[in-house]
Amino acid sequence: MTAPTIQTTHVGSLPRSARLRELLTDPDGRDESAFEAAVAESVREVVRRQAAAGLDIANDGEQSRIAYSVDVTTRMSGFGEGTVERAWPADLDDFPEYAGELLGDTDNIEGPVATGPVEYVAEGDLRRDLARFDDATAAEGVTFPARFHTAPSPGAVLRFTETEFHDSPEEYVFDLADALTTEYEAIAETGAILQIDAPDLLAGFTLTYKDDSVAEFRERVETHVEALNRAIAGVPDEQIRLHGCWGNYEGPHHCDVALEDVIPAFYEADVGGLVVEGANPRHQHEHRTFEEYPLPEGWRLIPGVIDVKTNVVEHPEVVTERIERFAAAVGGPDRIVAGADCGFETVVEGANAVHPDIAWKKLDALVEGAELASERLA
């Protein structure tokens, strides 16, 4: 019996053009027609390069967003500009000199603050974003076996915003969940795979909830998964993949919560796939978690087999070995899609570790390694 070809994908954000970065960082001073033209051209570029690399499940590279986590707040009412708490992750507290070099000071920053009930009001803006991928593939004359589109989890939006309106984090996260339902269902209606970006379920331990015990954090994860399930109730499980990560900043990560401590809560999510890190030095052992905690029936695993925090390009043999380990852990290659640990340019200005040109070389290695793994596991 021949094993299926192992498909390839990535996590979402891809390098933007220099012109687009400039326009994204000056939203008040830019010409909107120039911005739209720059986004369209940049989406065409990432579509063209994904096709050239041979990726199977592609997207628009999140080109129109200044940051994956707060872009959605521009499509909601109830938000104003205010002060958002910013602190170093717990692992960087142990290395303050390095933290200052990497992330700067810990002063609070301007950002979205909920000042009233949160409601989704700009579905038209989302649909314009969704249409760009189809426009780009048509213009470039390329096709992909599947496409995906990313959206933050309710807990991710909570993490990167503040509220002056809600009485508790729980009230806020469920309010966000109700509003995000519109976004999730609109994405699914296009036929795209809905990827929920949920760093709150792992990175939240070192970022938002630094004072939590593991048990307390696990309870928060359970609450956030409950809120997510409410938001995605109208989307078929098999059309959703959940992305959890420990943060793509180039820190020591020695304070990361263990995946095995929270994976049972992940498995309560009404989804059909899990995207998780498996390539960086702190989490290359994560295939063992799935041996002890088997992947739910019907789920597919999308392990990261290339690291987005180093400019070292993985040898295809290394990628292959990582895929083989995960395939063995989940019961076969038919349950695996090879991916990346996280996005390459999750924010326009920030700790994006990999040079744009090298990011594409890494994706080449991803595809080469998956092709080799498909041959070996046949």
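In this text the structure is predicted, and so the values were computed from the model without any measurement.

Criteria and cut-off values
- Residue numbers here run from 1 along each chain, matching the order of that chain's written sequence.
- For this predicted model, a pLDDT threshold of at least 70 governs which residues receive local features, and a threshold of 80 or more governs which side-chain atom pairs are given and counted, while totals over whole chains, interfaces and linings are taken from all residues.
- For side-chain calculations, the full set of non-hydrogen atoms in the structure is used, while hydrogens and water are omitted.
- Numbering goes from the N terminus for both helices and strands, where a helix is a DSSP run of H or I of at least four residues and a strand is a run of E of at least two.
- Note that the radius of gyration is over C-alpha atoms, with the globule rule given as 2.2 Å times the number of residues to the power 0.38.
- We call a residue buried when its accessible area falls under 20% of the maximum for its residue type, exposed when it is over 50%, and partly exposed in between, using a 1.4 Å probe and counting protein chains only.
- Contacts are residue-level and defined by heavy atoms, with any inter-residue pair within 4.5 Å sufficient.
- Only the protein chains shown count as cover for residues, with accessible areas throughout obtained via the Shrake-Rupley method and a probe of 1.4 Å.
- Each patch is built from residues that are more than 30% exposed by relative accessible area and take part in no salt bridge. Like charges join if they lie within 9 Å; nonpolar side chains (Val, Leu, Ile, Met, Phe, Trp, Tyr) join within 5 Å.
- Whenever a carboxyl oxygen of Asp or Glu lies within 4 Å of a side-chain nitrogen of Lys or Arg, that contact is scored as a salt bridge.
- A residue counts as positive if it is Lys or Arg and as negative if it is Asp or Glu; His and the chain ends are not included.
- Each charge is placed at NZ for Lys, CZ for Arg, CG for Asp and CD for Glu.
- Whether two strands pair comes down to DSSP finding at least two bridges between them.
- To get an axis, fit a line to the C-alpha atoms, keeping to the stretch in contact for a helix; angles then go from 0 to 180 degrees between the N-to-C directions.

Draft legend 1. Inspection of the overall build of the chain at higher detail. Scanning the chain from N- to C-terminus turns up 12 helices and 11 strands. Relative to the compact-globule value of 21 Å for 378 residues, the chain shows a C-alpha radius of gyration of 20 Å, a close match. Its C-alpha atoms give the chain principal-axis dimensions of about 60 × 50 × 45 Å. Considering the chain as a whole, with its 378 residues, one finds that 56% of them fall into the buried category. Look at the contacts in the chain between residues 6 or more apart in sequence, and 83% of them connect residues 24 or more apart. Within the structure as shown, the chain displays about 15,200 Å² of accessible surface, and the carbon and sulfur contribution to it stands at 47%.

Draft legend 2. The arrangement of a negative patch on the surface in detail. Negative charge collects at one region of the surface, where Glu216, Glu219, Glu222, Asp237, Glu238, Glu268 and Asp270 lie side by side. Its relative accessible area of 36% is what places Asp237 among the partly exposed residues.

Draft legend 3. Structural context of the sheet that holds strand S5 (residues 146-152). Taken in spatial order, the six strands line up as S2-S5-S7-S8-S9-S10 in an open sheet, and their pairing is parallel. The strands lining the two open edges of the sheet, one partner per strand, are strand S2 (57-58) and strand S10 (300-303). Against the sheet, helix H5 (residues 123-140) touches S2 and S5, its axis set at about 150° to S5.

Draft legend 4. The arrangement of the sheet that holds strand S3 (residues 76-84) in detail. Reading across from one edge, S3-S4-S6 is the order of the three strands in this open sheet, with mixed pairing throughout. Each edge of the sheet is formed by a strand with only one pairing partner; in this case those strands are S3 and strand S6 (162-163). Sheet topology note: the S3/strand S4 (residues 109-120) ladder contains eight bridges and is antiparallel. Its bridge partner lying in S4, Met76 is registered against Tyr120. Sitting on the sheet, helix H7 (residues 169-189) touches S3, S4 and S6, and the angle it makes with S4 is about 75°.

Draft legend 5. Layout of the environment of Phe144. Mapped onto the elements of the fold, Phe144 is located in the loop between H5 and S5. Each residue touching Phe144, except ones within four places of it in the same chain, is listed here: Val47, Gln50, Ala51, Leu55, Asp56, Ala58, Phe133 and Thr137.

Draft legend 6. Representation of the pattern of salt bridges within the structure. On inspection of all chains with the given rule, the structure shows 27 salt bridges. Across the pair Arg30 and Glu32 runs a salt bridge whose closest N-O atoms are separated by 3.0 Å. According to the relative accessible area criterion, Glu32 is partly exposed, its value standing at 41%. With a shortest N-O distance of 2.9 Å, Arg127 and Glu189 are connected by a salt bridge. Taken together, the positions of Arg127 in helix H5 and Glu189 in helix H7 put the pair 62 residues apart, joining distant regions of the chain. When salt bridges with common partners are traced through the structure, they connect Glu41, Arg44, Glu45, Arg48, Arg49 and Glu140 into a single cluster.

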